[in-house]
Amino acid sequence: MPASVNPPLVHAVDVIGTRDEARHLAGELAERLGISPDVERMVWDEASVSWVCALVDGGRGRLTLAAPADPAATAADTHRLVAAFERGTPAEAEAFFAAARHLPFTATEVAAAVAELPLTSRLADRWPDKPLAGVGVLLTIHHMRDFLVLVDSLLALGVDPAHMTVIDKEYLYAHTHRVDAHLVHRHGIRVWRYRDLREGIEDHIGRVAAAGKHSVIMDDGGYVMPTVLRELPEQAGHFTGLVEQTTSGIRKVEGLELPLPLFSVAESDMKGMIESYGIADAAVRNTLRLLPDEKFEGQPALVLGFGRIGHEVARVLEIRRMRVAVFDADITRLVAAHEEGFLTGRSLEDLVRAHRPRLVVGCVGSRSFGLREARLLPERSFLVSTTSRNFEFALDELREGSTTVTDRGVLGTSYQLADGPGICVLGHGMPINFHFAESLSNRYVDLVLAGLAVGAVAVAGRDERLRPGHNVAATNAILAESGIVDDYYRLYGPAAGAGRG
(Lines give C-alpha, C1' and ligand atoms only; values in the text may rest on other atoms or scores of the structure.)
Protein backbone atom coordinates (compact mmCIF):
# COMPACT_ATOMS: atom_id res chain seq x y z
CA MET A 1 0.00 0.00 0.00
CA PRO A 2 1.42 3.46 -0.93
CA ALA A 3 2.57 5.55 2.02
CA SER A 4 0.06 8.09 3.32
CA VAL A 5 0.97 11.64 4.34
CA ASN A 6 1.23 12.14 8.09
CA PRO A 7 0.61 14.64 9.60
CA PRO A 8 -1.83 16.54 7.32
CA LEU A 9 -0.26 19.04 4.92
CA VAL A 10 -1.43 22.65 4.59
CA HIS A 11 -0.89 25.32 1.95
CA ALA A 12 -2.32 28.85 2.08
CA VAL A 13 -2.64 31.48 -0.65
CA ASP A 14 -3.45 35.08 0.18
CA VAL A 15 -5.63 36.94 -2.31
CA ILE A 16 -6.64 40.59 -2.23
CA GLY A 17 -10.10 41.70 -3.25
CA THR A 18 -13.69 41.94 -2.21
CA ARG A 19 -15.36 39.15 -0.30
CA ASP A 20 -17.34 38.27 -3.43
CA GLU A 21 -14.15 38.08 -5.52
CA ALA A 22 -12.54 35.75 -2.99
CA ARG A 23 -15.63 33.53 -2.85
CA HIS A 24 -15.80 33.38 -6.64
CA LEU A 25 -12.11 32.42 -6.86
CA ALA A 26 -12.53 29.67 -4.26
CA GLY A 27 -15.67 28.40 -5.99
CA GLU A 28 -13.88 28.22 -9.34
CA LEU A 29 -11.09 26.21 -7.75
CA ALA A 30 -13.57 23.80 -6.20
CA GLU A 31 -15.24 23.34 -9.60
CA ARG A 32 -11.92 22.63 -11.32
CA LEU A 33 -11.01 20.08 -8.67
CA GLY A 34 -14.45 18.53 -9.00
CA ILE A 35 -13.92 17.61 -12.65
CA SER A 36 -10.38 16.30 -12.13
CA PRO A 37 -10.03 12.59 -12.98
CA ASP A 38 -8.36 12.03 -9.59
CA VAL A 39 -11.36 13.40 -7.69
CA GLU A 40 -14.46 11.34 -6.93
CA ARG A 41 -16.55 14.25 -5.68
CA MET A 42 -16.43 17.72 -4.16
CA VAL A 43 -18.88 18.27 -1.30
CA TRP A 44 -19.70 21.52 0.50
CA ASP A 45 -19.57 20.88 4.25
CA GLU A 46 -21.76 23.46 5.98
CA ALA A 47 -20.54 22.49 9.46
CA SER A 48 -16.88 23.30 8.69
CA VAL A 49 -17.71 25.94 6.05
CA SER A 50 -15.38 24.25 3.59
CA TRP A 51 -15.28 22.06 0.49
CA VAL A 52 -14.28 18.45 1.08
CA CYS A 53 -12.44 16.85 -1.82
CA ALA A 54 -12.85 13.06 -1.90
CA LEU A 55 -10.22 11.40 -4.09
CA VAL A 56 -10.88 8.26 -6.12
CA ASP A 57 -8.33 6.24 -4.12
CA GLY A 58 -9.79 7.20 -0.76
CA GLY A 59 -7.67 10.28 -0.07
CA ARG A 60 -9.17 13.51 1.16
CA GLY A 61 -8.42 17.21 0.88
CA ARG A 62 -10.22 20.31 2.09
CA LEU A 63 -10.55 23.91 0.86
CA THR A 64 -11.45 26.69 3.25
CA LEU A 65 -11.79 30.42 2.63
CA ALA A 66 -10.58 32.16 5.78
CA ALA A 67 -9.50 35.56 7.06
CA PRO A 68 -6.03 36.35 8.45
CA ALA A 69 -5.95 36.14 12.25
CA ASP A 70 -4.09 39.45 12.40
CA PRO A 71 -5.49 41.76 9.70
CA ALA A 72 -3.03 44.48 10.68
CA ALA A 73 -0.17 42.24 9.51
CA THR A 74 -1.56 41.87 5.99
CA ALA A 75 -2.69 44.16 3.19
CA ALA A 76 -6.22 45.51 3.33
CA ASP A 77 -8.92 43.19 1.93
CA THR A 78 -6.74 40.08 2.24
CA HIS A 79 -8.49 36.72 2.15
CA ARG A 80 -6.71 33.43 2.79
CA LEU A 81 -7.54 30.30 0.83
CA VAL A 82 -6.35 27.32 2.88
CA ALA A 83 -5.85 23.95 1.22
CA ALA A 84 -5.41 21.05 3.65
CA PHE A 85 -4.53 17.53 2.53
CA GLU A 86 -5.80 15.27 5.29
CA ARG A 87 -5.38 11.76 3.94
CA GLY A 88 -3.76 10.11 0.95
CA THR A 89 -0.44 9.45 -0.75
CA PRO A 90 2.33 12.01 -1.34
CA ALA A 91 1.60 11.86 -5.09
CA GLU A 92 -2.06 12.68 -4.46
CA ALA A 93 -1.03 15.51 -2.16
CA GLU A 94 1.26 16.94 -4.83
CA ALA A 95 -1.54 16.91 -7.41
CA PHE A 96 -4.01 18.43 -4.95
CA PHE A 97 -1.69 21.31 -4.04
CA ALA A 98 -0.73 21.91 -7.67
CA ALA A 99 -4.40 22.61 -8.36
CA ALA A 100 -4.81 24.68 -5.19
CA ARG A 101 -1.94 26.97 -6.19
CA HIS A 102 -3.39 27.52 -9.65
CA LEU A 103 -5.42 30.61 -8.72
CA PRO A 104 -5.94 33.52 -11.12
CA PHE A 105 -5.69 37.04 -9.76
CA THR A 106 -8.74 38.96 -8.65
CA ALA A 107 -9.94 42.04 -10.54
CA THR A 108 -8.74 44.10 -7.56
CA GLU A 109 -5.22 42.66 -7.83
CA VAL A 110 -5.08 43.19 -11.60
CA ALA A 111 -6.32 46.78 -11.25
CA ALA A 112 -3.55 47.49 -8.74
CA ALA A 113 -0.91 46.17 -11.15
CA VAL A 114 -2.37 48.19 -14.02
CA ALA A 115 -2.16 51.37 -11.92
CA GLU A 116 1.51 50.60 -11.15
CA LEU A 117 2.36 50.21 -14.86
CA PRO A 118 0.92 53.30 -16.56
CA LEU A 119 3.23 53.16 -19.60
CA THR A 120 2.63 49.50 -20.40
CA SER A 121 -1.09 49.51 -19.63
CA ARG A 122 -1.80 52.46 -21.94
CA LEU A 123 0.10 51.22 -25.00
CA ALA A 124 -3.09 50.54 -26.95
CA ASP A 125 -3.87 54.27 -26.81
CA ARG A 126 -0.77 54.87 -28.98
CA TRP A 127 -1.83 52.40 -31.67
CA PRO A 128 -5.64 52.21 -31.86
CA ASP A 129 -5.36 50.43 -35.22
CA LYS A 130 -4.25 47.20 -33.45
CA PRO A 131 -0.90 46.69 -35.23
CA LEU A 132 -0.40 43.19 -33.77
CA ALA A 133 -3.65 41.75 -35.12
CA GLY A 134 -1.85 39.98 -37.95
CA VAL A 135 0.81 38.13 -35.93
CA GLY A 136 1.23 35.50 -33.26
CA VAL A 137 3.48 36.15 -30.27
CA LEU A 138 5.73 33.68 -28.46
CA LEU A 139 6.87 35.01 -25.07
CA THR A 140 9.49 33.86 -22.59
CA ILE A 141 9.17 36.57 -19.95
CA HIS A 142 9.42 36.40 -16.15
CA HIS A 143 6.22 35.20 -14.48
CA MET A 144 5.42 38.16 -12.28
CA ARG A 145 2.36 40.39 -11.90
CA ASP A 146 3.82 42.98 -14.29
CA PHE A 147 3.88 40.36 -17.06
CA LEU A 148 0.08 40.10 -16.93
CA VAL A 149 -0.23 43.81 -17.67
CA LEU A 150 2.09 43.39 -20.68
CA VAL A 151 -0.03 40.46 -21.89
CA ASP A 152 -3.21 42.52 -21.54
CA SER A 153 -1.61 45.30 -23.59
CA LEU A 154 -0.50 42.89 -26.32
CA LEU A 155 -4.05 41.54 -26.53
CA ALA A 156 -5.38 45.11 -26.71
CA LEU A 157 -2.89 45.75 -29.55
CA GLY A 158 -4.60 42.99 -31.52
CA VAL A 159 -2.94 39.66 -30.66
CA ASP A 160 -5.45 36.81 -30.67
CA PRO A 161 -4.99 34.85 -27.39
CA ALA A 162 -5.28 31.66 -29.45
CA HIS A 163 -2.11 32.77 -31.26
CA MET A 164 -0.12 33.63 -28.15
CA THR A 165 2.17 31.14 -26.40
CA VAL A 166 3.99 31.65 -23.11
CA ILE A 167 7.03 29.67 -21.99
CA ASP A 168 7.16 29.37 -18.20
CA LYS A 169 10.85 29.64 -17.30
CA GLU A 170 10.14 27.63 -14.12
CA TYR A 171 11.88 30.05 -11.79
CA LEU A 172 10.63 30.13 -8.19
CA TYR A 173 8.90 33.49 -8.42
CA ALA A 174 6.64 34.79 -5.68
CA HIS A 175 3.47 34.29 -7.78
CA THR A 176 4.49 31.96 -10.61
CA HIS A 177 1.53 29.56 -10.19
CA ARG A 178 -1.01 32.37 -10.06
CA VAL A 179 0.44 34.01 -13.18
CA ASP A 180 0.18 30.69 -15.04
CA ALA A 181 -3.39 30.27 -13.81
CA HIS A 182 -4.38 33.76 -14.93
CA LEU A 183 -2.98 33.22 -18.41
CA VAL A 184 -4.78 29.90 -18.78
CA HIS A 185 -8.10 30.47 -17.01
CA ARG A 186 -8.70 34.15 -17.81
CA HIS A 187 -7.27 34.37 -21.34
CA GLY A 188 -7.07 30.80 -22.64
CA ILE A 189 -3.37 31.26 -23.50
CA ARG A 190 -1.20 28.18 -23.99
CA VAL A 191 1.55 27.93 -21.35
CA TRP A 192 4.46 25.53 -21.83
CA ARG A 193 7.20 24.74 -19.34
CA TYR A 194 10.84 25.52 -20.09
CA ARG A 195 11.68 21.81 -19.93
CA ASP A 196 9.32 21.31 -22.89
CA LEU A 197 10.61 24.31 -24.84
CA ARG A 198 10.98 22.66 -28.24
CA GLU A 199 7.54 21.06 -28.05
CA GLY A 200 6.04 24.41 -27.08
CA ILE A 201 7.71 26.15 -30.02
CA GLU A 202 6.47 23.51 -32.45
CA ASP A 203 2.94 23.71 -31.07
CA HIS A 204 2.96 27.50 -31.39
CA ILE A 205 4.20 27.48 -34.97
CA GLY A 206 1.62 24.89 -35.96
CA ARG A 207 -1.32 26.85 -34.51
CA VAL A 208 -0.26 30.25 -35.83
CA ALA A 209 0.84 29.06 -39.27
CA ALA A 210 -2.51 27.28 -39.68
CA ALA A 211 -4.15 30.70 -39.29
CA GLY A 212 -1.96 32.10 -42.08
CA LYS A 213 0.14 34.25 -39.72
CA HIS A 214 3.78 34.70 -38.79
CA SER A 215 5.05 35.31 -35.27
CA VAL A 216 7.12 37.68 -33.19
CA ILE A 217 9.41 36.34 -30.45
CA MET A 218 9.59 38.30 -27.18
CA ASP A 219 12.39 36.72 -25.18
CA ASP A 220 14.14 37.21 -21.85
CA GLY A 221 17.31 35.17 -21.85
CA GLY A 222 17.82 33.89 -25.40
CA TYR A 223 15.74 30.73 -25.13
CA VAL A 224 13.70 30.55 -28.32
CA MET A 225 15.83 31.56 -31.31
CA PRO A 226 18.88 29.39 -30.54
CA THR A 227 16.53 26.40 -30.17
CA VAL A 228 14.83 27.21 -33.47
CA LEU A 229 18.10 27.66 -35.40
CA ARG A 230 19.75 24.56 -33.97
CA GLU A 231 16.84 22.13 -33.74
CA LEU A 232 14.14 23.51 -36.07
CA PRO A 233 16.04 25.47 -38.74
CA GLU A 234 13.38 24.83 -41.37
CA GLN A 235 10.88 26.73 -39.18
CA ALA A 236 12.99 29.88 -38.74
CA GLY A 237 11.13 31.64 -41.55
CA HIS A 238 7.93 31.59 -39.51
CA PHE A 239 9.25 34.41 -37.31
CA THR A 240 9.37 38.03 -38.44
CA GLY A 241 11.55 39.32 -35.62
CA LEU A 242 13.04 38.84 -32.18
CA VAL A 243 12.70 41.26 -29.27
CA GLU A 244 15.27 40.47 -26.56
CA GLN A 245 15.31 41.93 -23.07
CA THR A 246 18.56 40.64 -21.51
CA THR A 247 22.28 40.79 -22.19
CA SER A 248 22.53 37.06 -21.45
CA GLY A 249 20.04 36.51 -24.27
CA ILE A 250 22.17 38.59 -26.62
CA ARG A 251 25.19 36.46 -25.74
CA LYS A 252 23.27 33.30 -26.63
CA VAL A 253 22.56 34.49 -30.17
CA GLU A 254 26.07 35.84 -30.78
CA GLY A 255 27.78 33.72 -33.38
CA LEU A 256 24.45 32.62 -34.84
CA GLU A 257 23.47 33.88 -38.27
CA LEU A 258 20.15 35.52 -37.53
CA PRO A 259 17.77 35.40 -40.51
CA LEU A 260 15.51 38.00 -38.89
CA PRO A 261 15.83 41.39 -37.15
CA LEU A 262 16.86 41.51 -33.50
CA PHE A 263 15.27 44.43 -31.64
CA SER A 264 17.71 44.68 -28.74
CA VAL A 265 16.01 46.26 -25.75
CA ALA A 266 18.84 44.59 -23.80
CA GLU A 267 21.49 46.80 -25.41
CA SER A 268 19.39 49.94 -25.65
CA ASP A 269 20.41 53.17 -24.00
CA MET A 270 17.03 53.23 -22.28
CA LYS A 271 17.48 49.93 -20.46
CA GLY A 272 21.16 50.38 -19.66
CA MET A 273 20.81 53.81 -18.12
CA ILE A 274 17.64 53.19 -16.12
CA GLU A 275 17.17 49.54 -15.18
CA SER A 276 20.63 48.29 -14.17
CA TYR A 277 20.68 49.95 -10.76
CA GLY A 278 17.22 48.60 -9.95
CA ILE A 279 18.27 45.02 -10.75
CA ALA A 280 21.43 45.33 -8.66
CA ASP A 281 19.54 46.82 -5.73
CA ALA A 282 16.88 44.08 -5.92
CA ALA A 283 19.57 41.38 -5.98
CA VAL A 284 21.30 42.75 -2.90
CA ARG A 285 18.03 43.32 -1.04
CA ASN A 286 16.89 39.77 -1.71
CA THR A 287 20.26 38.40 -0.60
CA LEU A 288 19.96 40.27 2.69
CA ARG A 289 16.35 39.09 3.08
CA LEU A 290 17.51 35.47 2.84
CA LEU A 291 20.34 36.09 5.32
CA PRO A 292 18.81 38.36 7.99
CA ASP A 293 21.19 37.22 10.73
CA GLU A 294 24.42 37.72 8.79
CA LYS A 295 26.60 40.81 9.18
CA PHE A 296 28.14 41.93 5.90
CA GLU A 297 29.26 45.46 6.78
CA GLY A 298 33.05 45.56 6.74
CA GLN A 299 33.27 42.11 5.15
CA PRO A 300 34.95 41.35 1.80
CA ALA A 301 32.81 40.83 -1.30
CA LEU A 302 33.70 39.86 -4.86
CA VAL A 303 31.73 40.86 -7.96
CA LEU A 304 32.29 38.75 -11.07
CA GLY A 305 31.77 40.78 -14.23
CA PHE A 306 31.81 44.58 -14.49
CA GLY A 307 29.13 45.04 -17.12
CA ARG A 308 26.02 47.11 -16.52
CA ILE A 309 24.65 44.93 -13.73
CA GLY A 310 28.02 44.06 -12.17
CA HIS A 311 28.98 47.73 -12.07
CA GLU A 312 25.83 48.60 -10.16
CA VAL A 313 26.09 45.57 -7.84
CA ALA A 314 29.61 46.65 -6.87
CA ARG A 315 28.37 50.15 -6.10
CA VAL A 316 25.42 48.90 -4.04
CA LEU A 317 27.65 46.58 -2.01
CA GLU A 318 30.05 49.44 -1.43
CA ILE A 319 27.18 51.58 -0.15
CA ARG A 320 26.34 48.66 2.16
CA ARG A 321 29.86 49.17 3.61
CA MET A 322 31.40 46.01 2.20
CA ARG A 323 35.00 45.89 0.95
CA VAL A 324 34.45 45.16 -2.73
CA ALA A 325 36.74 43.48 -5.24
CA VAL A 326 35.90 43.07 -8.94
CA PHE A 327 37.06 40.58 -11.53
CA ASP A 328 36.40 40.73 -15.26
CA ALA A 329 38.16 38.82 -18.02
CA ASP A 330 37.79 41.91 -20.22
CA ILE A 331 40.80 44.14 -19.53
CA THR A 332 38.93 47.36 -20.40
CA ARG A 333 36.27 46.64 -17.81
CA LEU A 334 38.91 45.59 -15.31
CA VAL A 335 40.68 48.94 -15.76
CA ALA A 336 37.35 50.74 -15.32
CA ALA A 337 36.73 48.88 -12.05
CA HIS A 338 40.23 49.71 -10.83
CA GLU A 339 39.85 53.39 -11.63
CA GLU A 340 36.58 53.50 -9.72
CA GLY A 341 38.48 52.39 -6.64
CA PHE A 342 37.63 48.68 -6.50
CA LEU A 343 40.26 46.05 -5.74
CA THR A 344 41.05 44.15 -8.94
CA GLY A 345 43.45 41.55 -10.31
CA ARG A 346 44.28 39.82 -13.60
CA SER A 347 43.99 36.35 -11.98
CA LEU A 348 40.66 35.37 -10.42
CA GLU A 349 42.35 32.68 -8.34
CA ASP A 350 44.91 35.11 -6.94
CA LEU A 351 42.22 37.71 -6.24
CA VAL A 352 40.11 35.21 -4.29
CA ARG A 353 43.16 34.00 -2.36
CA ALA A 354 44.13 37.53 -1.38
CA HIS A 355 40.70 39.07 -0.76
CA ARG A 356 38.94 36.05 0.85
CA PRO A 357 35.39 37.19 0.01
CA ARG A 358 32.49 35.97 2.13
CA LEU A 359 30.02 37.06 -0.55
CA VAL A 360 30.58 36.31 -4.26
CA VAL A 361 28.09 37.82 -6.71
CA GLY A 362 28.13 36.47 -10.26
CA CYS A 363 27.08 38.89 -13.01
CA VAL A 364 28.72 37.30 -16.07
CA GLY A 365 25.95 35.16 -17.55
CA SER A 366 28.14 32.12 -18.13
CA ARG A 367 30.27 29.97 -15.82
CA SER A 368 32.41 32.36 -13.82
CA PHE A 369 33.32 30.47 -10.63
CA GLY A 370 34.09 26.84 -9.95
CA LEU A 371 35.50 24.37 -7.45
CA ARG A 372 39.09 25.62 -7.74
CA GLU A 373 38.10 29.12 -6.67
CA ALA A 374 35.54 27.94 -4.10
CA ARG A 375 38.24 26.03 -2.21
CA LEU A 376 39.93 29.36 -1.49
CA LEU A 377 36.88 30.95 0.17
CA PRO A 378 36.57 31.37 3.94
CA GLU A 379 34.17 29.26 5.97
CA ARG A 380 30.45 30.16 5.65
CA SER A 381 30.75 31.99 2.37
CA PHE A 382 27.84 32.67 0.02
CA LEU A 383 27.58 32.52 -3.77
CA VAL A 384 24.86 34.60 -5.43
CA SER A 385 23.86 34.79 -9.10
CA THR A 386 22.14 37.69 -10.84
CA THR A 387 22.00 36.08 -14.28
CA SER A 388 19.66 33.75 -16.17
CA ARG A 389 19.05 30.21 -14.91
CA ASN A 390 21.82 28.42 -12.97
CA PHE A 391 24.75 28.82 -15.36
CA GLU A 392 26.86 31.27 -13.33
CA PHE A 393 28.56 28.76 -11.02
CA ALA A 394 29.96 25.31 -11.76
CA LEU A 395 27.40 23.54 -9.59
CA ASP A 396 28.33 20.11 -10.97
CA GLU A 397 31.94 20.66 -9.89
CA LEU A 398 30.88 21.83 -6.45
CA ARG A 399 28.70 18.76 -6.00
CA GLU A 400 31.41 16.36 -7.12
CA GLY A 401 33.99 18.06 -4.87
CA SER A 402 31.84 17.93 -1.74
CA THR A 403 31.48 15.39 1.03
CA THR A 404 27.97 16.65 1.81
CA VAL A 405 25.41 18.51 -0.28
CA THR A 406 22.35 19.80 1.57
CA ASP A 407 19.17 21.26 0.15
CA ARG A 408 18.37 24.21 2.44
CA GLY A 409 14.94 24.89 0.97
CA VAL A 410 14.22 28.52 0.12
CA LEU A 411 17.75 29.52 1.19
CA GLY A 412 19.55 27.43 -1.44
CA THR A 413 22.09 24.57 -1.43
CA SER A 414 24.97 24.06 0.99
CA TYR A 415 28.19 22.33 -0.07
CA GLN A 416 30.77 21.00 2.37
CA LEU A 417 33.83 20.88 0.15
CA ALA A 418 36.07 17.85 0.66
CA ASP A 419 39.24 19.95 0.85
CA GLY A 420 37.78 23.37 1.52
CA PRO A 421 35.15 25.34 3.41
CA GLY A 422 31.42 24.94 3.77
CA ILE A 423 29.67 27.32 1.36
CA CYS A 424 26.07 28.09 0.42
CA VAL A 425 24.80 28.84 -3.08
CA LEU A 426 21.79 31.07 -2.48
CA GLY A 427 18.63 30.26 -4.44
CA HIS A 428 20.28 27.06 -5.76
CA GLY A 429 22.23 29.22 -8.24
CA MET A 430 19.16 30.74 -9.92
CA PRO A 431 18.95 34.55 -10.31
CA ILE A 432 18.56 35.88 -6.79
CA ASN A 433 16.52 38.95 -7.72
CA PHE A 434 13.66 36.67 -8.85
CA HIS A 435 13.96 34.01 -6.13
CA PHE A 436 10.55 33.94 -4.41
CA ALA A 437 10.36 37.65 -5.21
CA GLU A 438 8.95 40.15 -7.70
CA SER A 439 12.41 41.67 -8.31
CA LEU A 440 11.97 45.27 -9.49
CA SER A 441 8.96 47.28 -8.42
CA ASN A 442 6.30 47.53 -11.10
CA ARG A 443 6.81 51.28 -11.59
CA TYR A 444 10.52 50.65 -12.15
CA VAL A 445 10.12 47.87 -14.72
CA ASP A 446 7.25 49.62 -16.51
CA LEU A 447 9.52 51.37 -19.02
CA VAL A 448 11.31 48.18 -20.09
CA LEU A 449 8.06 46.24 -20.54
CA ALA A 450 6.66 49.07 -22.62
CA GLY A 451 9.88 48.98 -24.66
CA LEU A 452 9.37 45.29 -25.38
CA ALA A 453 5.90 46.02 -26.77
CA VAL A 454 7.26 48.88 -28.87
CA GLY A 455 9.76 46.40 -30.29
CA ALA A 456 7.02 43.89 -31.06
CA VAL A 457 5.04 46.53 -32.97
CA ALA A 458 8.16 47.55 -34.91
CA VAL A 459 9.16 44.03 -36.01
CA ALA A 460 5.54 43.03 -36.72
CA GLY A 461 5.19 46.10 -38.93
CA ARG A 462 8.50 45.24 -40.64
CA ASP A 463 10.01 48.66 -39.96
CA GLU A 464 12.45 49.20 -42.84
CA ARG A 465 15.24 50.22 -40.45
CA LEU A 466 15.29 46.74 -38.92
CA ARG A 467 17.52 44.34 -40.85
CA PRO A 468 18.42 40.71 -40.14
CA GLY A 469 20.85 40.61 -37.20
CA HIS A 470 21.52 43.18 -34.49
CA ASN A 471 19.85 46.57 -34.75
CA VAL A 472 21.07 48.56 -31.74
CA ALA A 473 21.02 51.98 -33.43
CA ALA A 474 17.59 51.37 -34.95
CA THR A 475 16.33 50.06 -31.59
CA ASN A 476 17.44 53.26 -29.88
CA ALA A 477 15.84 55.41 -32.57
CA ILE A 478 12.51 53.56 -32.49
CA LEU A 479 12.35 53.61 -28.69
CA ALA A 480 13.10 57.35 -28.67
CA GLU A 481 10.41 58.03 -31.29
CA SER A 482 7.81 56.03 -29.37
CA GLY A 483 7.66 58.66 -26.63
CA ILE A 484 7.71 56.18 -23.74
CA VAL A 485 10.91 57.65 -22.27
CA ASP A 486 9.37 61.13 -22.45
CA ASP A 487 6.32 59.83 -20.61
CA TYR A 488 8.54 58.15 -18.00
CA TYR A 489 10.29 61.47 -17.41
CA ARG A 490 6.97 63.25 -17.04
CA LEU A 491 5.88 60.67 -14.48
CA TYR A 492 9.05 60.52 -12.41
CA GLY A 493 11.13 63.54 -13.42
CA PRO A 494 11.42 66.91 -11.66
CA ALA A 495 7.85 67.96 -12.54
CA ALA A 496 6.31 64.72 -11.24
CA GLY A 497 3.38 65.13 -8.93
CA ALA A 498 -0.31 64.50 -9.07
CA GLY A 499 -1.68 62.12 -11.67
CA ARG A 500 1.06 59.49 -11.70
CA GLY A 501 -1.18 56.93 -13.25
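Above this text sits the structure in question.
Residues numbered from 1 in each chain as written. Predicted model: local features only at pLDDT ≥ 70, side-chain atom pairs only at ≥ 80, totals over all residues. Heavy atoms only, no water.

### Topic: the side chain of S268
As for its position among the elements, S268 is in the loop between β11 (261–264) and α11 (269–290). In this structure the side chain of S268 is engaged in a polar contact, spanning 3.2 Å, whose partner is the backbone nitrogen of K271. Each residue touching S268, except ones within four places of it in the same chain, is listed here: R308, T475, N476 and L479. (Helix = DSSP H or I, 4+ residues; strand = E, 2+ residues; numbered from the N terminus. Polar contact = N/O pair within 3.5 Å; in protein donor to acceptor, adjacent residues only side chain to side chain. Contact = heavy atoms within 4.5 Å.)

### Some words on the environment of L25
Summarising the element assignment, L25 is placed in helix α1 (residues 19–34). When its relative accessible area of 5% is taken as the criterion, L25 is described as buried. Sequence separation between L25 and A174 is 149 residues, and the spatial gap between their C-alpha atoms is 19 Å. Every residue in contact with L25, bar those within four places of it in the chain, is listed here: V15, L103, P104, T106, R178 and R186. (Buried < 20%, exposed > 50% of the residue type's maximum accessible area, 1.4 Å probe, protein only.)

### What to know about the sheet that holds strand β9 (residues 214–219)
Pairing is parallel across the open sheet formed by seven strands, whose spatial order is β8-β7-β6-β9-β10-β11-β20. Edge positions in the sheet fall to β8 (190–193) and β20 (469–470), since each of these pairs with one other strand and no more. With two bridges connecting them, β11 and β20 associate as parallel partners. Across the sheet, residue P261 finds its bridge partner in β20, namely G469. Helix-sheet contacts for helix α9 (residues 224–231) involve β6 (135–140), β9 and β10 (239–244), and the interaxial angle to β9 is about 125 degrees. Of the strands in this sheet, β6, β9, β10 and β11 touch helix α17 (residues 442–460), which is tilted by about 160 degrees from β10. (Pairing = 2+ DSSP bridges. Axes fitted to C-alpha atoms, helices over the stretch in contact; angles between N-to-C directions.)

### Looking at the sheet that holds strand β5 (residues 78–87)
Here five strands make up an open sheet; going across it, the order is β1-β5-β4-β3-β2 and the pairing antiparallel. Of all the strands in the sheet, just β1 (9–16) and β2 (39–45) have a single pairing partner and so form its edges. Between one strand and the next, the sheet's axes are offset by a mean angle of 15 degrees, whatever the strand orientation. Pairing of strand β3 (residues 50–55) with strand β4 (residues 60–66) involves four bridges; the strand directions are antiparallel. Counted as the bridge partner of V52 is R62 from β4. Contacts from α1 reach β1, β2, β3, β4 and β5 within the one sheet, and its direction differs from that of β4 by about 170 degrees.

### With respect to the nonpolar core
Core analysis: the biggest nonpolar cluster contains 50 residues, and L132, L139, F147, L154, M218 and F263 have the highest contact counts within it. Within the residue set of this core, elements represented by two or more residues are β6, α6 (145–156), β7 (164–168), α7 (176–187), β9, α17, α18 (472–482) and α19 (484–492). No other element matches the 13 residues that α17 contributes to this core. Apart from residues lying up to four places away in sequence, F147 is in contact with L139, I141, H142, V166, V179 and L183. The next biggest cluster of nonpolar side chains, apart from the first, holds 29 residues, and it includes A280, L291, I309 and L317. (Core = buried A, V, L, I, M, F, W, Y, C linked by side-chain atoms within 4.5 Å.)

### Quick notes on the pattern of salt bridges
This structure, assessed with the given rule, holds 31 salt bridges. One continuous salt-bridge network, built from bridges that share partners, spans E349, D350, R353, R372 and E373. (Salt bridge = Lys/Arg side-chain N within 4 Å of Asp/Glu carboxyl O.)

### Here we look at unusual backbone geometry
In this structure, R321 is a non-glycine residue whose phi angle is positive, near 70 degrees. Non-glycine residue H428 carries a positive phi angle of around 60 degrees. With respect to the helices and strands, H428 occurs in the loop between β19 (422–426) and α17.

### A closer look at the layout of surface pockets
Approximately 770 Å³ is the volume found for the largest pocket. Along the wall of the largest pocket there are 40 residues; nearest its centre are T246, T247, K271, I279 and I309. Within the residue set of the lining of the largest pocket, elements represented by two or more residues are α10 (247–253), α11, α12 (308–319) and α17. Here the element with the most residues in the lining of the largest pocket is α11; it accounts for five residues. (1 Å grid on protein atoms, 1.4 Å probe; cavity = no way out; pocket = protein on both sides within 12 Å on 5 of 7 lines; lining within 4 Å. Points joined across faces, edges and corners; volume = space filled by probe spheres on them.)

### Observations concerning the packing of aromatic side chains
Inspection of every chain in the model, using the stated rule, returns nine aromatic pairs. Relative to W51, the ring of W44 has its centre 4.8 Å away and its plane inclined at 70 degrees; by these criteria the two rings are edge-to-face. Residue W51 is classed as buried on the basis of its relative accessible area, which comes to 19%. Among the aromatic side chains, those forming a connected cluster through ring pairs are F85, F96 and F97. If you follow R178 out to its NZ or CZ, it ends over the ring of F105, 4.3 Å from the centre. Its end group placed over the ring of Y223, K252 keeps NZ or CZ at 4.5 Å from the ring centre. (Phe/Tyr/Trp six-rings, centres within 6.5 Å; stacked < 30°, edge-to-face > 60°. Lys NZ or Arg CZ within 6 Å of the ring centre and 35° of its normal.)

### Description of α6
Taking 1.5 Å of rise per residue, twelve residues should cover 16 Å, and α6 covers 17 Å from first to last C-alpha, within 8% of that figure. A large share of α6 lies buried, amounting to nine of its twelve residues. Along α6, the positions that sit buried rather than exposed are D146, F147, L148, V149, L150, V151, S153, L154 and L155. Immediately downstream of α6, the backbone of G158 shows phi near 115 degrees, a positive value. (Expected span 1.5 Å × (residues − 1).)

That is the geometry; function is a separate question.
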